Amino acid sequence: EPEVTQTPSHQVTQMGQEVILRCVPISNHLYFYWYRQILGQKVEFLVSFYNNEISEKSEIFDDQFSVERPDGSNFTLKIRSTKLEDSAMYFCASSEQAVGGTDTQYFGPGTRLTVL
Amino acid sequence: AQSVTQLGSHVSVSEGALVLLRCNYSSSVPPYLFWYVQYPNQGLQLLLKYTSAATLVKGINGFEAEFKKSETSFHLTKPSAHMSDAAEYFCAVSASNTGNQFYFGTGTSLTVIP
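Below, the structure is looked at part by part.

Conventions used here
- Residues numbered from 1 in each chain as written.
- Chains lettered and ligands numbered in written order.
- Predicted model: local features only at pLDDT ≥ 70, side-chain atom pairs only at ≥ 80, totals over all residues.
- Heavy atoms only, no water.
- Pairing = 2+ DSSP bridges.
- Helix = DSSP H or I, 4+ residues; strand = E, 2+ residues; numbered from the N terminus.
- Axes fitted to C-alpha atoms, helices over the stretch in contact; angles between N-to-C directions.
- 1 Å grid on protein atoms, 1.4 Å probe; cavity = no way out; pocket = protein on both sides within 12 Å on 5 of 7 lines; lining within 4 Å.
- Points joined across faces, edges and corners; volume = space filled by probe spheres on them.
- Contact = heavy atoms within 4.5 Å.
- Buried area = accessible area lost by both parts, 1.4 Å probe.
- Polar contact = N/O pair within 3.5 Å; in protein donor to acceptor, adjacent residues only side chain to side chain.
- Nonpolar A, V, L, I, M, F, W, Y, C, P; charged D, E, K, R; others polar.
- Salt bridge = Lys/Arg side-chain N within 4 Å of Asp/Glu carboxyl O.
- Buried < 20%, exposed > 50% of the residue type's maximum accessible area, 1.4 Å probe, protein only.
- Disulfide = S-S within 2.5 Å.

**Side note on the pairing of strand β6 (residues 53-57) of chain A**
All names here are of chain A.
No. 1: In this sheet, β6 lies alongside strand β5 (residues 43-50) in antiparallel orientation, the contact comprising four bridges. Looking across to β6, one finds that Ser 48 is bridged to Glu 56.
No. 2: Between the end of β5 and the start of β6, which pair antiparallel, lie two residues, with Asn 51 showing a positive phi angle near 55°.

See below:
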């Protein structure tokens, strides 16, 4: 069964460093998402991406964050200058469509980011 | 705006006992509701979803959930717990006026006692 994959599974970085989290969505899906979960808190929406541009973003997704689909398979989340509060589990998801919120989003296993 | 509350961050049941995981939602428009399960080191896997059709929704692995508008609830149940059901369970809500965002609860960790 097709699945969303994410690399690395765990990333440790120093505060102020740039990190890139990578995702390979399901191949025939058109919509891509990033969510994050700070330990003990809710899974929070960051951004959605369609047709090579951001379609929605949350307040969390500030200028420190960017997303890109550099080729036909990868979908990346970049954090330019990491802060301690960026430590979280980051989930990538994809969906075939995005019909007014009803379409199933398929999630990857997550990347645990630790900022020291 | 939409939100979800999952009561009980940890639930323990005996093998063979009823599983009940609670989810209450808040939505200003008709909601779409989802239950996901996460096994260790794996992604969130869809168990079932409600998108305004039948209020009793059956999912994978013997789970089901009932949408109750009057109670703003979408509780997840399974008649008989199995050891393999031990995992983290997430309830999520979306709606037609919130684009593609899913709003998740904090999750419930289910332990099954042999």
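**Some details on the sheet that holds strand β3 (residues 19-24) of chain A**
All names here are of chain A.
No. 1: With antiparallel pairing, the four strands of this open sheet are ordered in space as β1-β3-β8-β7. Bordering the open sheet on either side are β1 (5-7) and β7 (65-68), each of which pairs with just one other strand. For this sheet the average axis-to-axis angle between neighbouring strands, irrespective of direction, equals 20°.

**Focus: the layout of surface pockets**
No. 1: Roughly 470 Å³ of volume is contained in the largest pocket.
No. 2: Lining of the largest pocket is provided by 21 residues; of these, Gln 37, Met 89, Phe 91 and Arg 112 of chain A together with Gln 38 of chain B occupy positions nearest its centre.
No. 3: Broken down by element, the lining of the largest pocket gets its largest block of residues, three residues, from strand β10 (residues 87-95) of chain B.
No. 4: The computed volume of the second largest pocket comes to approximately 380 Å³.
No. 5: If you trace the second largest pocket, you find 16 residues lining it, with Glu 1, Glu 3 and Phe 107 of chain A together with Leu 44 and Gln 45 of chain B closest to the centre.
No. 6: Within the residue set of the lining of the second largest pocket, elements represented by two or more residues are β10 (106-107) of chain A together with β6 (44-50) of chain B.

**A few points about the interface of chain A and chain B**
No. 1: Facing the 21 residues of chain A at the interface are 24 residues of chain B.
No. 2: Together chain A and chain B conceal approximately 1,800 Å² of surface at their shared face, both sides included; 54% is due to carbon and sulfur atoms.
No. 3: On inspection of chain A and its partner chain B, the count reaches four residue pairs in polar contact (both at pLDDT 80 or more).
No. 4: Looking at the side of chain A that touches chain B, the elements that each hand over two or more residues are β4 (31-37) and β5 of chain A.
No. 5: Broken down by element, the side of chain A that touches chain B gets its largest block of residues, four residues, from β4 of chain A.
No. 6: Looking at the side of chain A that touches chain B, its residues break down into nine nonpolar, nine polar and three charged.

**Details of the environment of Arg 80 of chain A**
Residues and elements named next belong to chain A.
No. 1: Within the secondary structure, Arg 80 is located in the loop between β8 (75-79) and β9 (88-95).
No. 2: Taking the C-alpha atoms as reference, Arg 80 lies 27 Å from Gln 105; in sequence the two are 25 residues apart.
No. 3: If near-sequence neighbours (up to four positions away) are discounted, Arg 80 is found in contact with Gly 16, Gln 17, Glu 18, Asp 63, Gln 64, Phe 65 and Ser 66.
No. 4: Side-chain polar atoms of Arg 80 contact the backbone oxygen of Asp 63, separated by 2.4 Å.

**So, the pattern of salt bridges**
Residue and element names in this part refer to chain B.
No. 1: Scanning all chains against the criterion turns up three salt bridges over all chains.
No. 2: Taking the shortest distance from any N to any O, the salt bridge between Lys 58 and Glu 64 comes out at 2.8 Å.
No. 3: Using a relative accessible area of 61% as the deciding quantity, one classes Lys 58 as exposed.
No. 4: For Lys 78, the salt bridge is made with Asp 85, and the minimal N-O distance between the two is 2.9 Å. Residues Lys 78 and Asp 85 agree in their burial class; the two are buried.

**A short note on the environment of Glu 64 of chain B**
Residue and element names in this part refer to chain B.
No. 1: Here Glu 64 shows up in strand β8 (residues 64-68).
No. 2: As a C-alpha pair, Glu 64 and Phe 74 span 10 residues in sequence and 9.7 Å in three-dimensional space.
No. 3: Discounting residues that sit within four places of it in the chain, Glu 64 has contacts with Leu 48, Leu 56, Val 57, Lys 58, Gly 59, His 75, Leu 76 and Thr 77.
No. 4: A distance of 2.8 Å separates the side chain of Glu 64 from the side chain of Lys 58, its partner in a polar contact.

**Some points on the state of the cysteines**
Residues and elements named next belong to chain B.
No. 1: Taken as a whole and judged by the stated rule, the model has two disulfides over all chains.
No. 2: A sulfur-sulfur separation of 2.0 Å characterises the disulfide bridge that pairs Cys 23 with Cys 91. Here Cys 23 and Cys 91 share a disulfide; its torsion about the S-S bond, -65°, makes the bridge left-handed. In this pair, Cys 23 sits in the loop between β3 (19-21) and β4 (24-26) while Cys 91 sits in strand β10, placing the two residues 68 residues apart along the sequence.
No. 3: Residue classification places Cys 23 among the buried residues on the basis of a relative accessible area of 0%.
No. 4: In this structure Cys 91 comes out as buried when scored by relative accessible area, which is 0%.

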